[in-house]
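A structural walkthrough
This is what each chain is made of:
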Amino acid sequence: MPDELSNGNSLEHSAIAVRGLVKRYSKAKVNAVDGVSFDVAPGEIFGLLGPNGAGKTTTIGVLTTAIVPTEGSASIMAVDVARDPIGVKRHIAVVPQQSNLDRSLKVREILTFHAAYHGVSRKTREALADGLLAELGLGERKNEKVNRYSGGMAQRLMIARALMHEPSVLFLDEPTNNLDPQSRLFLWERIREMNARGLTILLTTHDMDEADRLCGRIAVMDHGKILVNDTPAELKKRIPGGTVLEIHAVAPSADGGVRETLHAALEALPGTAKVEITNGNSGPDASAGPGALNIRVYGVAANALIGPAAQAVFSSGAQVRDLSVKQPSLEEVFIFLTGRHLR
Amino acid sequence: MSDLTSTGLAGAARLHRGDNRTITALQAFFAMFRRDLTVTRREFVQFLLQALMQPLFFLFIFGKVLPGIGLAAGNFAALMLPGIVALTGMIAAMQGVTLPLVLDLGFAREIDDRLLSPLPVWWVALEKVIFGAMRGAIASSVIFPLGWLILGNGFAVRGDRIPYLIGMVLLTGLVGSAIGLLMGTIIKPDQISLMFTLLFTPLLFTGCTYYPWGALRNIRWFQILTLFNPLTYASEGLRYSMAPPVQGHDFPTISIAWTLILLSVSIVAMFALGTRTFLRRVIT
């Protein structure tokens, strides 16, 4: 199905269609979004994944008419975002990363005024507001202002607000960032439900678990480009060989010689698809000392590589500190595609 | 839940009443105006205190105390009152637009919900300006009973130029909120107190509020300088509409025709510039 969608002939059938999208901010040296194309079918939950600064928020900005594309085009429900932003606004709703709730209004008014901005009649908007507040567990505190709302409640209220004008496409920018596990589960449940009622959803996240649970299709972005665009199951197959052997080791010194020898030795092992060695001094293992190494060996059956790989590490003069075999997860795919360095 | 399912999300666009975009945009515009009314009504006492504290003391000190101890002429109050009406209206209008806008564009982004409504984005700025002007006009109007109470016998307003008076109060509010829009879109939150001092103070004191423009002829350079401040036209226009004749002669002011023209030009120019920076801040 994904392939049918990305062949470019389905523009009028797509809820979201993006073609060769480029955004370069003035004064910027590189394109924030650099030739991105994808389609989202009506009723789909589509995930946009990528490290910070990958271009996800800029892409959403273009689709929600806050950012003007430099090149290329994008349309929502066949309405072009650059040519007819007002037409697009009638179809979309946006839940941003940070609360932008109107703090001068009471909770229920936030919903009713939002609907009024969209021309929803008084009777309809009042009924809708009460229904949504009850559904999202906010009914008891609807006459408060949002100052005293927790992050989770604000998030739910923003979702309620988004639904007040019955949009066709909903944008969720890192919806569960900073939420406690209960709120997160609650939100996932709501997202599935909204989708089941026919709403098309585009969400960004760097929570792989979230993407895996919710999204029918996922595009991984980095440096303004889409690296892959597929179902979670297909993406997991992209890890060379399918499994990973992860070894933390300590070399006697920090010089690169050991690393090179080790790289060659591991790559020569039968059944190895790819070897990645990074310095353990950066990132989470900073306390491991100057010779610390993070080694990742990708292979069809990584567990069969445990013995030979440990032997290779030992022969290079380094010592194994711990060793584990990982089943493919989206996180592995993500790291495999975008690398381990910090942004 | 059952409620919602029956309203149905699948049928989206169904709620989108009619296809007349102008009507949709007007609905959004008036909903925003209603939103501002709701918020201001709830904070009405605060709004009045904020707008009227300063004029209250100005009226008392300049209109009552100084003439009372012989440091100002007896008709000073009558000449200053129009200036206070202008200043109060202008500041109330500006405050209603600038501060919320600086915070909104800086970090709160509460305005995003309105920007995502189905109306031209610049209408959001227009709504702010019109609402701000209304706040200004209300604040200006309250100066009349306040002045009557404080100035007592010194309170004198001519009654034969009421249409000019009403027009001037409205134009003063508009120019204040249009300047407020421009300031609100260029000031960054971390510069707010500096910019207030840098922009506000000169605006306040070069606007012919406490002195009639004609009296400046002996300080020619300053007289010319005041012509660059829209507040000068607001003050002089209100002086034309309010100051009682002296010994059968109209009190001399900048000609009302020029006042109206230059005030209107200021409003259009400030609004155009303000809208431009507003659009730059909200659409990149």
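Residues numbered from 1 in each chain as written. Chains lettered and ligands numbered in written order. Predicted model: local features only at pLDDT ≥ 70, side-chain atom pairs only at ≥ 80, totals over all residues. Heavy atoms only, no water.

All right, on to the side chain of R217 of chain A then. Looking at the secondary structure, you find R217 of chain A in strand β9 (residues 217-222). Polar side-chain contacts of R217 of chain A include one of 2.5 Å to the side chain of E44 of chain A. (Helix = DSSP H or I, 4+ residues; strand = E, 2+ residues; numbered from the N terminus. Polar contact = N/O pair within 3.5 Å; in protein donor to acceptor, adjacent residues only side chain to side chain.)

The backbone of M77 of chain A sits at a positive phi, close to 50 degrees, despite the residue not being glycine. Relative to the elements of secondary structure, M77 of chain A occurs in the loop between β4 (71-76) and β5 (79-80). What makes M77 of chain A partly exposed here is its relative accessible area of 32%. Positive phi values are uncommon outside glycine, yet R109 of chain B reaches one of about 55 degrees. (Buried < 20%, exposed > 50% of the residue type's maximum accessible area, 1.4 Å probe, protein only.)

The subject of this paragraph is the sheet that holds β4 of chain A. Residue and element names in this part refer to chain A. One open sheet accounts for four strands, arranged β2-β1-β4-β5; its pairing is antiparallel. Each edge of the open sheet is held by one strand with a lone partner, namely β2 (33-40) and β5. Bridge count for strand β1 (residues 16-23) against β2 is six bridges, and the pairing is antiparallel. Bridge pairing in β2 links L21 to V36. Sheet contacts for helix α2 (residues 56-63): β1, β2 and β4; angle to β1, the most-contacted strand, approximately 120 degrees. (Pairing = 2+ DSSP bridges. Contact = heavy atoms within 4.5 Å. Axes fitted to C-alpha atoms, helices over the stretch in contact; angles between N-to-C directions.)

Turning our attention to the interface of chain A and chain B. At the interface, 45 residues of chain A touch 42 residues of chain B. Both faces combined, the contact of chain A with chain B buries some 4000 Å², and carbon together with sulfur accounts for 54% of it. When the buried surface of chain A facing chain B is broken down by residue, R90, Y117 and E166 of chain A rank first, second and third, together holding 23% of it. Of the charged contacts in the structure, one is a salt bridge between R21 of chain B and D84 of chain A, with a shortest N-O distance of 2.7 Å. Listed by contribution, the elements that provide at least two residues to the side of chain A that touches chain B are α3 (85-89), β6 (92-95), α4 (107-117), α5 (122-135) and α6 (151-163) of chain A. Class assignment of the residues belonging to the side of chain A that touches chain B gives a composition of 18 nonpolar, 13 polar and 14 charged. (Buried area = accessible area lost by both parts, 1.4 Å probe. Salt bridge = Lys/Arg side-chain N within 4 Å of Asp/Glu carboxyl O. Nonpolar A, V, L, I, M, F, W, Y, C, P; charged D, E, K, R; others polar.)

Geometry only, nothing functional implied.
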